[in-house]
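Each chain, written out:
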Amino acid sequence: MLKLLQDRLGRTAIGPSTARGMGPPGTIKAARSFLQTYDLRSVKANTPKTFRKKLDDMTYDLIANLPAEARHWGSARKFVNIFLRNCAYNRFMYDAYGLGRIEAWMEVPLDSHVTAGLKLDGLAAKLDLIPPRWKTVIGLTPELSDRWQTLAQAVAERSRIHRVHLDVRYWNGAHITLHAKQ
C-alpha cells in the first residue's frame, strides 16, 4: 500500500503547471520517476542540520536524474519540497515514515506565489528581514533559497505553523484576504 501511495504522490506532486518552463519534454517524467522510487526512510533525521543535509542530498540526487537541460537546483528543490509536503499531508505516509519528526524543519516550496505572500506577510509583520528580489524557480540558488526560507520561518512562527504549510496559505490566497481585512 505504501508503494502505491508513493507512486500516486510522486505522480501528482509534479504536473505541467508545477514544471512549466523548467526543462524539456521528459522533465516531469524523470522527476516523477525519481520521487516515486525514492527511499523515504532516508529523510529521517534527529536535528535540523541532519535533515538539511538529507534534503540537500535528495535535491542533488534528483538533479542528476533530470534531463541535462533541466538540471536546475531551484526546480529540483521545489519538486522535492512539494513531494515531501504531500507525503506529510498523507496520514499513512506520515505515520509510516515518521514525518512528524521532520515536519518542523521542512521547507516551503518556493515559487512566485509563495514569495509574493512572504513579502506581504513580512511587511505586515514588520519583520526586519529583507527578502531578495524574486526572479524564477530555475534561477534559485541555495543561498537565495536560504534567505527566503529564513523569512518563511519567521512568518510561520508568527502564524504558529510550520513553514512548509505556508504554501497552502499562499496558493489559496488566504494572505491577501487577511491583509485586506486589516
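The structure under discussion appears in the preceding block.
These numbers were taken from a predicted model, which means no experiment stands behind them. (Residues numbered from 1 in each chain as written. Predicted model: local features only at pLDDT ≥ 70, side-chain atom pairs only at ≥ 80, totals over all residues. Heavy atoms only, no water.)

Asks: Which residues make up the pattern of salt bridges, and what values do they have?
Replies: In the structure shown here, the tally under the stated rule is ten salt bridges. Across the pair aspartate 167 and arginine 85 runs a salt bridge whose closest N-O atoms are separated by 2.0 Å. Remark: arginine 85 occurs in helix H5 (residues 73-88) and aspartate 167 occurs in helix H9 (residues 166-171); sequence separation between them is 82 residues. This pair shows no difference in class: aspartate 167 is buried, exactly as arginine 85 is. One network of salt bridges, in which partners are shared, links Arg52, Asp56, Arg77, Glu107 and Asp146. (Salt bridge = Lys/Arg side-chain N within 4 Å of Asp/Glu carboxyl O. Helix = DSSP H or I, 4+ residues; strand = E, 2+ residues; numbered from the N terminus. Buried < 20%, exposed > 50% of the residue type's maximum accessible area, 1.4 Å probe, protein only.)

Asks: Describe the environment of alanine 76, listing the residues and the values that go with them.
Replies: Structurally, the position occupied by alanine 76 is in helix H5. In this structure, the C-alpha to C-alpha distance between alanine 76 and aspartate 61, residues 15 residues apart in sequence, is 9.1 Å. Setting aside chain neighbours within four positions, we find alanine 76 in contact with Thr59, Leu62, Ile63 and Leu66. (Contact = heavy atoms within 4.5 Å.)

Asks: Residues and numbers for the layout of surface pockets, please.
Replies: Quantified by volume, the largest pocket comes out at close to 300 Å³. Lining the largest pocket we find 19 residues, and of these Ser17, Thr18, Lys78, Asp111 and Trp171 sit closest to its centre. For the lining of the largest pocket, the secondary structure elements donating two or more residues are helix H1 (2-13), helix H2 (16-19), H5, helix H7 (112-124) and H9. Per-element accounting of the lining of the largest pocket gives the leading share, three residues, to H5. When its residues are assigned to classes, the lining of the largest pocket shows seven nonpolar, six polar and six charged. (1 Å grid on protein atoms, 1.4 Å probe; cavity = no way out; pocket = protein on both sides within 12 Å on 5 of 7 lines; lining within 4 Å. Points joined across faces, edges and corners; volume = space filled by probe spheres on them. Nonpolar A, V, L, I, M, F, W, Y, C, P; charged D, E, K, R; others polar.)

Function cannot be inferred from these measures alone, as they are strictly geometric.
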